[in-house]
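Chain residues, written in single-letter form:
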Amino acid sequence: QRRVHGTLSECLFFFASVFLMKAVVIDAHGEPEILQVRTVNVPTVAAGNVLIAVKASGVNPVDTYIRAGTNNYTAHFPHTPGKDGAGIVEAVGEGVTHVNPGDRVYLAGTVTGTCAEYALCLAAQVHPLPDNISFAQGACIGVPYATAWRALMQRGRAAPGETVLVHGASGAVGLAVCQIARAFGLVVFGTAGTPAGRDLAAANGAHATFDHTDEAHFTEVAQLGKADIVVEMLANSNLGRDLPLLAKGGRVVVVGSRGPVEINPRDLMSRDAQILGVALANVTAGE
């Protein structure tokens, strides 16, 4: 309990401010310039909800697609961006038992968006954050690591001892794939466009790295052996060249693409190979 002293106007201002917060808000799709910081109401906690005091908000490509209204994404307006975040539990609704006020947590999805001082979540979207992981790191878990796990393990059906080529290994999803694949006992090849990116991929699990700005990297990868899985971040550029790199029964898992691409179906037929798509929106509650 807190005792408030002051004039009537000061007391009214205090109580009003308790239920207000700053949030990034958009009223329509558009370029980044439409993002505005506003004072809005703190969300109300209902049964099955968790209110989070946000300490860090993750920014993923999907957040920009939603803001812009591209790639088949849209939003209900007014809209506060942010699927991922991390912070401290402020309040829990009836029926929530796995977290308590004061707990450090990371968020994999929200009801109201993480680009705000407070975010309302469904209970299933809130996960304990270990003490050795910072809030900034926690805000980078949700979309990247769920996508990486979905691509490698659920869609790609990775098995220990297989070889995976992470085509675009220095981004958030690519680094997560490298980490998971290495921990799971795969041989990991990773590509990146800069020396720093290749060093980062190696530090996060890649056994060998390649410069994907150099066309010769396809030959260099092939010289090391066939890939059982290719996790592809830019299919419109690489898919046609990925297929010949596959072993029999190989799988290309498409995480990203920025346009159409032409392939030779015989590169699939001769290997009994597969091209598989990934979209987190298709993940079931059980998965």
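For the structure itself, look to the data block above.
Residues numbered from 1 in each chain as written. Predicted model: local features only at pLDDT ≥ 70, side-chain atom pairs only at ≥ 80, totals over all residues. Heavy atoms only, no water.

(A) View of the overall build of the chain. Each helix and strand counted, the chain has nine helices and 13 strands in total. Along the first, second and third principal axes, the C-alpha set of the chain runs to 80 × 40 × 35 Å. Within the chain, the proportion of its 287 residues that are buried is 43%. When contacts within the chain are restricted to residue pairs at least 6 apart in sequence, those whose partners lie at least 24 apart make up 59%. Of the charged side chains in the chain, 20 are positive and 24 negative; the average position of the first set lies 3 Å away from that of the second. (Helix = DSSP H or I, 4+ residues; strand = E, 2+ residues; numbered from the N terminus. Buried < 20%, exposed > 50% of the residue type's maximum accessible area, 1.4 Å probe, protein only. Contact = heavy atoms within 4.5 Å. Lys, Arg positive; Asp, Glu negative; His and termini not counted. Charge placed at Lys NZ, Arg CZ, Asp CG, Glu CD.)

(B) Highlighting the environment of Glu-33. The topology assignment puts Glu-33 in the loop between strand S1 (20–25) and strand S2 (36–41). Residue Glu-33 is classed as exposed on the basis of its relative accessible area of 66%. Taking the C-alpha atoms as reference points, Glu-33 and Met-21, separated by 12 residues in sequence, lie 21 Å from one another.

(C) Layout of the sheet that holds strand S6 (residues 118–122). Taken together, five strands build an open sheet; the order of strands is S6-S3-S4-S5-S7 and the sheet is antiparallel. The open sheet is flanked by S6 and strand S7 (126–128), the only strands paired with a single partner. The mean angle between the axes of side-by-side strands here comes to 45 degrees, regardless of whether they run parallel or antiparallel. Alignment of strand S3 (residues 49–57) against S6, held across five bridges, turns out to be antiparallel. (Pairing = 2+ DSSP bridges. Axes fitted to C-alpha atoms, helices over the stretch in contact; angles between N-to-C directions.)

(D) Spotlight on the nonpolar core. In terms of nonpolar packing, the biggest core is built from 24 residues, with Leu-152, Val-164, Val-166 and Ile-229 touching the most fellow members. When contributions to this core are tallied by element, the ones reaching two or more residues are helix H4 (142–155), strand S8 (163–167), helix H5 (172–183) and strand S11 (227–232). Top contributing element to this core by residue count: H5, with six residues. Among residues more than four places away in sequence, those in contact with Val-166 are Gly-174, Val-177, Cys-178, Val-188, Phe-189, Gly-190, Thr-191, Val-231 and Met-233. Leu-165, Ala-235, Leu-246 and Val-252 belong to the second-largest nonpolar core, a separate cluster that totals 17 residues. (Core = buried A, V, L, I, M, F, W, Y, C linked by side-chain atoms within 4.5 Å.)

(E) Region of interest: the packing of aromatic side chains. Using the criterion set out here, one finds two aromatic pairs in the structure. Centre to centre, the rings of Phe-189 and Phe-210 are 5.9 Å apart; their planes meet at 75 degrees, and the pair counts as edge-to-face. Linking Phe-189 in strand S9 (residues 187–192) with Phe-210 in strand S10 (residues 208–211), this pair joins segments that are 21 residues apart in sequence. Assessed through its relative accessible area of 6%, Phe-189 is described here as buried. Overall, the relative accessible area of 6% leaves Phe-210 in the buried class. Its end group placed over the ring of Phe-135, Arg-104 keeps NZ or CZ at 4.6 Å from the ring centre. (Phe/Tyr/Trp six-rings, centres within 6.5 Å; stacked < 30°, edge-to-face > 60°. Lys NZ or Arg CZ within 6 Å of the ring centre and 35° of its normal.)

(F) How the structure looks around the pairing of S10. Burial along S10 is one-sided: the face carrying Ala-208 and Phe-210 is buried and the face carrying Thr-209 and Asp-211 is not. Remark: the S9/helix H6 (residues 195–203)/S10 crossover connection has right-handed handedness. (Right-handed = clockwise from strand over helix to strand, strands pointing away.)

(G) Up close: the side chain of Asp-228. Among the secondary structure elements, Asp-228 is positioned in strand S11. Asp-228 has contacts with Glu-162, Thr-163, Leu-246, Ala-247, Gly-250 and Arg-251, leaving out every residue within four places of it along the chain.

(H) Region of interest: the packing of H4 against H5. Contact pair H4 / H5: the axes reach a minimum separation of 8 Å and the direction vectors enclose 55 degrees. On the basis of the axis angle, H4 is oblique to H5. Handedness of the H4/H5 crossing: right-handed. Residues Pro-144, Tyr-145, Thr-147, Ala-148, Trp-149, Leu-152 and Met-153 of H4 form the contact with H5, whose participating residues are Ala-172, Val-173, Ala-176, Val-177, Gln-179, Ile-180 and Ala-181. When grouped by side-chain class, the residues that make up the contact of H4 with H5 number 12 nonpolar, two polar and no charged. (Parallel < 35°, antiparallel > 145°, perpendicular 65-115°, else oblique. Left-handed = near helix turned anticlockwise from the far one by under 90°. Nonpolar A, V, L, I, M, F, W, Y, C, P; charged D, E, K, R; others polar.)

(I) Broad picture of unusual backbone geometry. Looking along the chain, the bond that leaves Phe-77 and enters Pro-78 is cis, with omega of -5 degrees. Its location among the elements puts Pro-78 in the loop between helix H2 (61–68) and strand S4 (84–92). The phi torsion at Asn-71 lies on the positive side, around 55 degrees, for a residue other than glycine. Among the secondary structure elements, Asn-71 is positioned in the loop between H2 and S4.

(J) Representation of the sheet that holds S8 in the model. As summarised here, the arrangement of the six strands in space is S10-S9-S8-S11-S12-S13, forming an open sheet in which the pairing is parallel. Each edge of the open sheet is held by one strand with a lone partner, namely S10 and strand S13 (274–277). On average, each strand axis in the sheet is inclined to that of its neighbour by 20 degrees, with strand direction left out of account. Judged from the four bridges that link them, strand S12 (residues 246–254) and S13 form a sheet pairing that is parallel. Looking across to S13, one finds that Val-253 is bridged to Leu-276.

Don't take any of this as a statement about function, it's just geometry.
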